[in-house]
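Below, each chain spelled out in residue letters.
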Amino acid sequence: MIRTLCWVPALLVLAACGAQAAPGPGAVERTVRDYVALRNNGDLRGMLGKSCGGLYTATSNLLAQSPDRQREITGSMRGHPVDVASVVVDTSGDHVFATTMTGSAQTARGRETASQHVEVRQYQDGYRVCEMEP
């Protein structure tokens with residue numbers, strides 16, 4: 001009985017801290033896909049919580065726009081969702097993962113596929129997308 005009670009606080013601490021996937025390509029890929037899903041839904045606050053660096057600043061700037069401008073931006077995001085085909089970790093080190101994301105979206109010129117650089121960083125509370133560049 002006492003041994004069981006000793007494990008209960010440890011489980012509560014684990015739950016409070018948030019169990020997350022072990023570092024590696026799978027967790028990084030999931031982070032990128034989750035971030036793109038937030039973008040596709042026009043969830044600026046969700047994007048802010050999953051970003052860092054330049055993407056955090058850019059999203060924060062979008063949240064500072066007027067409500068009409070925010071609706072216009074998020075409507076565009078929802079109207080042109082990105083389908084992620086693949087996320088490949090190119091290099092990793094010191095909790096920074098450089099990846100290449102390939103995806104497609106419907107544009108004025110039709111369906112287009114492109115690849116872009118995505119930087120993901122690991123923090124104590126999980127992974128965050130810090131950079132997305134063509």
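Overview of the structure. What you are looking at is a predicted structure, and each value in this text was computed from that prediction instead of being measured.

With respect to the pairing of strand β4 (residues 126–133)
- Sheet topology note: the strand β3 (residues 110–123)/β4 ladder contains seven bridges and is antiparallel. Bridge pairing in β4 links Val-120 to Val-129.
- Hairpin connection from β3 to β4: two residues lie between these consecutive antiparallel strands.

Observations regarding helix α5 (residues 67–79)
- Between its first and last C-alpha, α5 extends 18 Å over 13 residues, near the 18 Å set by a 1.5 Å rise per residue.
- Among the residues of α5, Ile-73, Thr-74 and Met-77 are the ones counted as buried. Across the axial projection of α5, the buried residues extend over an arc of 90°, all falling on one side. Facing away from the buried side of α5 by more than 90 degrees, the exposed set consists of Asp-68, Arg-71 and Glu-72.

Thoughts on the packing of aromatic side chains
- One pass over the full model with this rule turns up one aromatic pair.
- The ring of Tyr-123 carries Arg-128 above its face, with NZ or CZ at 5.1 Å from the centroid.

Some points on the environment of Leu-55
- Position of Leu-55 among the secondary structure elements: in helix α4 (residues 53–63).
- Residues Leu-55 and Cys-130 lie 75 residues apart in sequence; the distance between their C-alpha atoms is 5.5 Å.
- Not counting chain neighbours up to four residues away, the residues in contact with Leu-55 comprise Tyr-35, Val-129, Cys-130, Glu-131 and Met-132.

Here we look at the pattern of salt bridges
- What the rule picks out here adds up to eight salt bridges.
- When the shortest N-O distance is used, the salt bridge between Asp-34 and Arg-30 registers 3.3 Å. Of this pair, Asp-34 and Arg-30 are both found in helix α2 (residues 25–40), four residues apart, which corresponds to roughly one turn of the helix.
- Given the relative accessible area of 36%, Asp-34 is considered partly exposed.
- Overall, the relative accessible area of 46% leaves Arg-30 in the partly exposed class.
- Note that Arg-121 is salt-bridged to Glu-119, the shortest N-O span being 2.8 Å.

Basis of the calculations
Residues numbered from 1 in each chain as written. Predicted model: local features only at pLDDT ≥ 70, side-chain atom pairs only at ≥ 80, totals over all residues. Heavy atoms only, no water. Pairing = 2+ DSSP bridges. Helix = DSSP H or I, 4+ residues; strand = E, 2+ residues; numbered from the N terminus. Expected span 1.5 Å × (residues − 1). Buried < 20%, exposed > 50% of the residue type's maximum accessible area, 1.4 Å probe, protein only. Arc of directions from axis to C-beta. Phe/Tyr/Trp six-rings, centres within 6.5 Å; stacked < 30°, edge-to-face > 60°. Lys NZ or Arg CZ within 6 Å of the ring centre and 35° of its normal. Contact = heavy atoms within 4.5 Å. Salt bridge = Lys/Arg side-chain N within 4 Å of Asp/Glu carboxyl O.

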